[in-house]
Amino acid sequence: MSAGMRIIVGCKRVIDYAVKVRVKPDKTGVVTEGVKHSMNPFDEIAVEEAVRLKEKKIASEIVVASCGPQQCQETLRTALAMGADRAVHVLVEPKDFAVMQPIHVSKILAKLAVDEKADLILLGKQAIDDDCNQTGQMVAALLDWPQATFASKVEKDGDSLTVTREIDGGLETIKVSLPAVVTSDLRLNEPRYATLPNIMKAKKKPLATKKPGDFDVEIKSTQEILSVEDPPVREAGQKVESVEELMEKLKEAGFVKS
Amino acid sequence: MFRSVARISSALKQNKLQNHLFQKWSECAVVTQTRNVSEESKSFGLNLFRGQAHGEQVFPFPEVLNEEQRDNLQMFADQTAKFFEEQNDALKNDLLETVEPETMEGLKALGAFGLQVPVELDGLGLTNTQYARLVEIVGAHDLGVGIVLGAHQSIGFKGILLFGNDEQKQKYLPKLAAGENIAAFCLTEPASGSDAGSIKTRAVLSDDGKHYILNGSKIWISNGGLAEIFTVFAQTPVTDKNGDTKDKVTAFIVERSYGGVTNGAPEKKMGIKCSNTAEVYFEDVKIPVENVLGGEGGGFKVAMNILNNGRFGMVAALAGTMRYCVHKAVDHAGSRVQFGKSIHTFGTIQEKIAQMAIRHYVAESMAYMISANMDQGFKDFQIEAAIGKIYASEGAWYCADEAIQILGGMGFMRDCGIERVMRDLRIFRIFEGTNDILRLFVALTGIQYAGKHLKDVQKALKNPIGNIGTVVGFAGKMAKRKLGASTGVDLHNDSNVNPELQDAAKKASKAIEHFGGTIDQLLIKYGKNIMHEQMVLNRVAEAAIDIYGMVCVLSRASRSLSTNVASASTESAMCQTFCEEASVRVETNLNIAVSDRNMKTFRTLSTISDEVIKHGGCVQEHPLGF
């Protein structure tokens, strides 16, 4: 691996974090039309980490990939403007996209990694829209590669990576041999801005369009959405004067055995 | 200070000064000619003064971006917005009275300093429309940063872009585009503000003819303390073909590195505090002769063209500010509960929000109409750009003011953010041509254009048989106006105006006819002396602004109705309401402009002002007598 690692980074297009999400009137999902979208923030961190590895000459090539509608190309172009070398857009038809789940994306990414002879797959730990937190783990399982999830620090160490993970109550440091799957946590780095001159330059970088079938993946619904609901409106609290009163109220509401 | 005012007023009474002012206005008129006011202009604004609705520039609402430009712009806009939301802290910049260093570096890396510099010279090569979209984002977030960027590229080095030769462009633009060098525009002097022709800074050719030696000082120069490259305007002795030598304004590219360039401390200002404003002094600065910009003696034209070409950017930036104000007001009005009801259900608040939204709609439509016209290659957009600047700067002030009113005490607090916006906004009615001067500019440029056509009629009258067509046409128009009949302006029958807006378009047509008739009347009544009737001219300008606004929203709302966008019905309502209210204002203003009774009021106003000036302040005694 003296030539430097080949890295694949997943970039999901999601509703922008600043958008106030609205549920569709028929409760089958949320309104996406005319709503600002951007790259999943955790994926942005993954792209940034890959670019830093390349700047340190640890990586030789960065391929970014996104599965979804035509507009995913904007997301990919942002990643290219940040410093990725080329992009693969897996165009998913609207009817398939509506039922696409992490398992489908995982299978596509796993196949892509084999095709591209990747040494490392860098993904966000989860997407901010469905909060699944599944893709990294499933890709690793499909490929039978080691995984290092929730990374807050990634260092190359010979033919392996030393990864610091954020876990409950502290940090865990693990070593994984390459090839491997790493998912980024919030504090791994602070992603750079895609500058306007780099956006222009990124237009010249190659972007290949593929279909799920090219990766032998068929997108079949594995679950049925029954209903999407707004979070319940928080009820007003009440103030109590004393501990006794508090206990009384808790007993009344059945939270404490009397 | 009071005494000096009194002295000025008595001086004004002297004929000498009046003649001087007259000469200045004539110069102004000359400038309008150099600004490509062709005999048969396609400008809507100019032809309005002839009572005509020239639709070529305004109908249908111009769409000038190709697919690639649109794609690029969308990505640029997203990233620019992201930068301003995450990295830039407007309140902190305001407090520190400087743009935070990290933000400044970020802006340079972002490419924000070379938006319109050609790609081959390391800029982004944006069209005017693309530029407008990005500065709109800047205007929505931080007007102070907007000034740092605008003083640099909208005026600071715009002269090199517009008038520079290849060597000058190659030499200066790449570093300017990268923000490695900052630029500034140096026109204003202590004794020369709106009257730009009166500058005192002088440049004299050295004995060996290789350099100009520049001496003088400039005030209130944005980026004056940061800039390396200055566009400087100075008087130079120019000898005409008759051998007479006269001082004329010449533009120069001056590098700080030439030596002799210094600047004062940053000024303490009301708003746009994070931008640097300073005096700049030039002491025996040696400028190589090849750094003349736009030819010796061509400086006035250079200056006016730079300002003229930059105004659309302010319109767009201010449309962004208005959008921000609407957003802030709506946020509050939608959640604040008083008297048991959300305050947006009260008529008082509803009227405010609707008026803010309408003004924003008008300003935004003007901004993109003007930028598109520029991109289409039209050269006559000076009236429209001036109207846009006036309307947007006053509209933004209105929106900020009403947003604060809706927020009440909260709006008055610093942390809310609009308090800063209000301070930042005040200067926009003052700089780059005060709105007062621009109103006169709009009225006089238009009247001059109409006057030329009227002269043709006068000439034709001397030989009525030979010019029967001209004479009959004009006589017919006058007769129709006398009878109150239409002179043929029929926007409402234009296929580009949606049928739903026919009534609104009728009002606009009527306003245009009334406007044209008023201009003819004024020309006949005052002739050339109309230029001395500033109070009349202001009413004319006010009517022109309203009419241009009507046409812009008629065009835009028609497009939205025909493409059936989700907001079409609201846009249609905003358009109709604006036309309704604007047409009433137009009628009032035009009636005032020609009425003898109002002329008496104007004369009285002048007298009152004279008395107050003579008195050095308020004339009457205090009601309590002490």
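**Some thoughts on the overall build of chain B**
- When you go through chain B residue by residue, the secondary structure sums to 21 helices and 10 strands.
- Taken along its principal axes, the extent of the C-alpha atoms in chain B is 75 × 70 × 70 Å.
- Relative to its 626 residues, chain B shows a buried fraction of 53%.
- Counting only contacts in chain B whose residues sit at least 6 apart along the sequence, the fraction spanning at least 24 positions is 75%.
- Just so you have it, chain B exposes about 28000 Å², and 53% of that area is on carbon and sulfur atoms.
- With 66 positive and 71 negative side-chain charges, chain B shows a separation of 7 Å between the mean positions of the two kinds.

**Regarding the interface of chain A and chain B**
- With 14 residues of chain A at the interface, the matching set in chain B holds 19 residues.
- Considering only the side of chain A, the residues that lose the most area to chain B are A:Y193, A:L196 and A:M200, jointly responsible for 41% of the buried surface there.
- Taken together, the connections running from chain A to chain B amount to two salt bridges.
- Where chain A meets chain B, there are seven residue pairs in polar contact (both at pLDDT 80 or more).
- Among the secondary structure elements, those contributing two or more residues to the side of chain A that touches chain B are α2 (72-82) and α6 (196-202) of chain A.
- Element by element, the count of residues in the side of chain A that touches chain B is highest for α6(A), at four residues.
- Its residues placed into classes, the side of chain A that touches chain B shows seven nonpolar, two polar and five charged.

**Focus: α2(A)**
- Across the 11 residues that make up α2(A), a large majority, 10, are buried.
- Positive backbone phi, at 135 degrees, marks A:G83, one or two positions downstream of α2(A).

**Re the side chain of B:E364**
Residue and element names in this part refer to chain B.
- On the secondary structure map, E364 appears in helix α12 (residues 347-375).
- Assessed through its relative accessible area of 8%, E364 is described here as buried.
- In terms of polar contacts, E364 uses its side chain to reach the side chain of R323, at 2.8 Å.
- Within polar-contact distance, the side chain of E364 engages the side chain of R556 at 2.8 Å.
- Setting aside residues up to four positions removed in sequence, E364 forms contacts with E136, A319, R323 and R556.

**Observations regarding the packing of aromatic side chains**
Residues and elements named next belong to chain B.
- Applying the stated criterion to the full structure yields 11 aromatic pairs over all chains.
- When the centroid spacing of 4.8 Å and the interplanar angle of 85 degrees are considered together, the rings of F49 and F515 count as edge-to-face. Placement of F49 in the loop between α3 (44-48) and α4 (67-86) and of F515 in helix α18 (residues 502-526) is noted, with a sequence separation of 466 residues between them.
- A relative accessible area of 0% means that F515 is categorised as buried.

**A word on the state of the cysteines**
- Tallied over the entire structure, the rule returns zero disulfides over all chains.
- Of all cysteine sulfurs, the one in A:C72 lies closest to A:C11, which takes part in no disulfide; the gap is 9.7 Å.
- With relative accessibility at 3%, the residue A:C11 sits in the buried group.
- Looking at the unpaired B:C399, the closest cysteine sulfur is the one in B:C325, lying at 6.0 Å.
- What makes B:C399 buried here is its relative accessible area of 0%.

**Quick word on the environment of A:V92**
Residues and elements named next belong to chain A.
- Inspection of the secondary structure puts V92 in the loop between β5 (86-91) and α3 (94-97).
- When its relative accessible area of 2% is taken as the criterion, V92 is described as buried.
- Counting along the chain gives 121 residues from V92 to G213, while the straight-line C-alpha distance between them is 9.8 Å.
- Each residue touching V92, except ones within four places of it in the same chain, is listed here: C67, G68, P69, F97, M100, P212 and I219.

**Looking at the pairing of strand β1 (residues 5-10) of chain A**
Residue and element names in this part refer to chain A.
- Counting buried residues along β1, five of its six residues qualify, which places the element largely inside the surrounding structure.
- The sheet contact formed by β1 and strand β4 (residues 59-68) spans six bridges and is parallel. Across the sheet, the residue bridging to I8 is V63, located in β4.
- Two strands pair when backbone bridges link them, and β1 and strand β6 (residues 120-124) are joined in this way by three bridges, in the parallel orientation. Looking at β6, one finds that V9 is bridged to L122.

**Digging into a nonpolar patch on the surface**
Residues and elements named next belong to chain B.
- Together, L605, I608, V612 and V619 make up a nonpolar patch on the protein surface, roughly 290 Å² of accessible area in all.
- Examined against the element boundaries, V619 turns out to sit in the segment after α21 (596-615).
- Residue classification places V619 among the partly exposed positions, given a relative accessible area of 36%.

**Focus: the packing of α2(A) against α4(B)**
- Direction vectors running N to C along α2(A) and α4(B) enclose 65 degrees, while the axes themselves pass 11 Å from each other. α2(A) and α4(B) meet at a crossing whose hand is right-handed. Only B:Q74, B:M75 and B:Q79 of α4(B) make contact with α2(A), whose side of the interface consists of A:E74, A:R77 and A:T78.
- Considering only residue class, the contact of α2(A) with α4(B) consists of one nonpolar, three polar and two charged.

**Some points on the sheet that holds strand β7 (residues 147-157) of chain A**
All names here are of chain A.
- Read across the sheet, nine strands follow the order β9-β8-β7-β10-β6-β1-β4-β5-β11 without closing on themselves; strand pairing throughout is mixed. What marks the edges here is a single partner per strand, and that holds for β9 (170-177) and β11 (207-210). The average undirected angle you get between the axes of adjacent strands in this sheet is 30 degrees.
- Relative to strand β10 (residues 180-184), β6 is paired through five bridges, and the arrangement is parallel. Residue pairing for β10: I121 is matched across the bridge by V181.
- Packing of helix α1 (residues 41-55) onto the sheet brings it into contact with β1, β4, β6, β7 and β10, and relative to β6 it is tilted by some 145 degrees.
- In the packing of α2 onto the sheet, the strands contacted are β4, β5 and β11, and the crossing angle to β4 comes to about 165 degrees.

**Topic: the domain arrangement of chain B**
Residue and element names in this part refer to chain B.
- Partitioning chain B into structural domains gives domain 1 (2-60 + 437-594), domain 2 (67-178), domain 3 (183-300) and domain 4 (302-421).
- Using C-alpha coordinates to define each centre, domain 2 is positioned 24 Å away from domain 3.
- Opposite the 25 residues of domain 2 that make contact, domain 3 presents 21 residues.
- Overall, the association of domain 2 and domain 3 removes approximately 1800 Å² of surface from exposure, summing both partners, and the carbon and sulfur fraction of that is 64%.

Calculation criteria
Residues numbered from 1 in each chain as written. Chains lettered and ligands numbered in written order. Predicted model: local features only at pLDDT ≥ 70, side-chain atom pairs only at ≥ 80, totals over all residues. Heavy atoms only, no water. Helix = DSSP H or I, 4+ residues; strand = E, 2+ residues; numbered from the N terminus. Buried < 20%, exposed > 50% of the residue type's maximum accessible area, 1.4 Å probe, protein only. Contact = heavy atoms within 4.5 Å. Areas by Shrake-Rupley, 256 points an atom, 1.4 Å probe, with all protein chains shown as cover. Lys, Arg positive; Asp, Glu negative; His and termini not counted. Charge placed at Lys NZ, Arg CZ, Asp CG, Glu CD. Buried area = accessible area lost by both parts, 1.4 Å probe. Salt bridge = Lys/Arg side-chain N within 4 Å of Asp/Glu carboxyl O. Polar contact = N/O pair within 3.5 Å; in protein donor to acceptor, adjacent residues only side chain to side chain. Nonpolar A, V, L, I, M, F, W, Y, C, P; charged D, E, K, R; others polar. Phe/Tyr/Trp six-rings, centres within 6.5 Å; stacked < 30°, edge-to-face > 60°. Disulfide = S-S within 2.5 Å. Pairing = 2+ DSSP bridges. Patch = residues over 30% accessible without salt bridge, like charges linked within 9 Å, V, L, I, M, F, W, Y side chains within 5 Å. Axes fitted to C-alpha atoms, helices over the stretch in contact; angles between N-to-C directions. Left-handed = near helix turned anticlockwise from the far one by under 90°. Domains from an automatic or database assignment.

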